[in-house]
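# Analysis of the macromolecular model
Spelled out, the chains give:
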Amino acid sequence: MKRALKSIIVAVIMVALIGGYYYYLTHREVNTSEDHVEVTEFDKVLSKKLDTAYPPTPREVVKFYNRIIECAYGEKYDDKQLEQLMGQARTLLDEELLANNPIDTYKTNLLDEVTFYKDNKQKIIQTRVCNSDEVTFETINGKKCAYVTASYFIKDGKGKFVRANEKYLLRKDDNDQWKILAYRLINSKEVEES
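Residues numbered from 1 in each chain as written. Predicted model: local features only at pLDDT ≥ 70, side-chain atom pairs only at ≥ 80, totals over all residues. Heavy atoms only, no water.

Of regular secondary structure, the protein chain possesses six helices and five strands. For the protein chain, the succession of helices and strands along the chain, N to C, is α-α-α-α-α-α-β-β-β-β-β. A burial count over the protein chain gives 30% of its 194 residues as buried. Counting only contacts in the protein chain whose residues sit at least 6 apart along the sequence, the fraction spanning at least 24 positions is 58%. (Helix = DSSP H or I, 4+ residues; strand = E, 2+ residues; numbered from the N terminus. Buried < 20%, exposed > 50% of the residue type's maximum accessible area, 1.4 Å probe, protein only. Contact = heavy atoms within 4.5 Å.)

Below is the structure:
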């Protein structure tokens, strides 16, 4: 009888230990290196696969282009990351615009603008793209085109805010993707801080 009681107690303890260990394994928090990696907006922009997930509308193309601009003007990056960032931006550009802006010219112009912004302590605070119903469509030389307006809110080194508006002209390419053909500043004005 004592032997049977001892066997039962040992069995209960074994079941409790196995059950406790199983509970520990299934309910513990596992700390992996992935849990502590912060994915920044810069990382998201660089990792977007435009060959498989190209923005479907003219508005979305300009929105992604603005994300690239915000990274270029507001982040710190090395030469390799700059090349990747420019690659993402140039993927959104129409072949005609690319032909008029070779990679070296594009890089020089971008670096000059970024340097100007940093030297003048300017920072893009926010970008905004017009609503979908404000996008206008037109056929030019037999190609579908769209006009999209974007606003940029910029804070300068003196604490003043400026809103700059640009109008983008996008054209559908042979792959049915909207590409930026041209853009121009349509107005700029100082805005009151609220």
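We now examine the side chain of Arg90. With respect to the element layout, Arg90 can be found in helix 4 (residues 79–91). Within the buried set, Arg90 has no salt-bridge partner at all; the shortest N-O distance to an opposite charge, 8.4 Å, is to Glu83. For Arg90, the residues in contact, after removing those within four places along its chain, are Leu98, Asn101, Pro102, Ile103 and Tyr106. (Lys, Arg positive; Asp, Glu negative; His and termini not counted. Salt bridge = Lys/Arg side-chain N within 4 Å of Asp/Glu carboxyl O.)

The next thing to look at is the packing of helix 3 (residues 58–74) against helix 4. Geometry of a packed helix pair, given as the angle between the helix axes and the separation of the axes. In contact at an axis separation of 10 Å, helix 3 and helix 4 are set at 155 degrees when each is read in the N-to-C sense. On the basis of their axis angle, the class for helix 3 and helix 4 is roughly antiparallel. The element helix 3 and its partner helix 4 pack so that their crossing is left-handed. Residues Phe64, Tyr65, Ile68, Cys71 and Ala72 of helix 3 form the contact with helix 4, whose participating residues are Leu85, Gln88 and Ala89. Grouping the amino acids of the contact of helix 3 with helix 4 by side-chain chemistry returns seven nonpolar, one polar and no charged. (Axes fitted to C-alpha atoms, helices over the stretch in contact; angles between N-to-C directions. Parallel < 35°, antiparallel > 145°, perpendicular 65-115°, else oblique. Left-handed = near helix turned anticlockwise from the far one by under 90°. Nonpolar A, V, L, I, M, F, W, Y, C, P; charged D, E, K, R; others polar.)

Of note in this structure, Lys121 is not a glycine but carries a positive phi near 50 degrees. Note on placement: Lys121 falls in the loop between helix 6 (103–119) and strand 1 (123–129). Note on Lys121: relative accessible area 62%, which makes it exposed. One non-glycine residue, Asp176, lies in positive phi territory at about 65 degrees.

Enumeration over the complete set of coordinates arrives at six aromatic pairs. Measuring from ring centre to ring centre gives 6.0 Å for Tyr65 and Tyr168, while their planes differ by 75 degrees; the resulting arrangement is edge-to-face. Of this pair, Tyr65 sits in helix 3 while Tyr168 is found in strand 4 (residues 161–172), placing the two residues 103 residues apart along the sequence. Residue class for Tyr65 comes out buried when judged on its relative accessible area of 6%. Judged by centre distance (6.3 Å) and plane angle (50 degrees), the ring pair of Tyr65 and Tyr183 falls under tilted. Of this pair, Tyr65 sits in helix 3 while Tyr183 sits in strand 5 (residues 178–191), and the two are 118 residues apart along the sequence. When its relative accessible area of 39% is taken as the criterion, Tyr183 is described as partly exposed. Site record: aromatic cluster; members linked through ring pairs are Tyr65, Tyr168 and Tyr183. Sitting over the face of the ring of Phe64, Lys48 holds its NZ or CZ atom 5.8 Å from the ring centroid. In this structure, Arg90 packs its charged tip against the face of Tyr106, placed 5.3 Å from the ring centre. (Phe/Tyr/Trp six-rings, centres within 6.5 Å; stacked < 30°, edge-to-face > 60°. Lys NZ or Arg CZ within 6 Å of the ring centre and 35° of its normal.)

What follows is about the side chain of Thr127. By the secondary structure assignment, Thr127 is in strand 1. Here Glu70 takes part through its side chain, which lies 3.5 Å from a polar atom of the side chain of Thr127. Contacts of Thr127, omitting those with residues within four sequence positions, involve Asn66, Glu70, Ser151 and Tyr152. (Polar contact = N/O pair within 3.5 Å; in protein donor to acceptor, adjacent residues only side chain to side chain.)

Right, let's get into a nonpolar patch on the surface. Residues Ile9, Ile13, Met14, Leu17 and Ile18 make up a contiguous nonpolar surface patch of about 500 Å² in total accessible area. Inspection of the secondary structure assignment puts Ile13 in helix 1 (residues 2–27). (Patch = residues over 30% accessible without salt bridge, like charges linked within 9 Å, V, L, I, M, F, W, Y side chains within 5 Å. Areas by Shrake-Rupley, 256 points an atom, 1.4 Å probe, with all protein chains shown as cover.)

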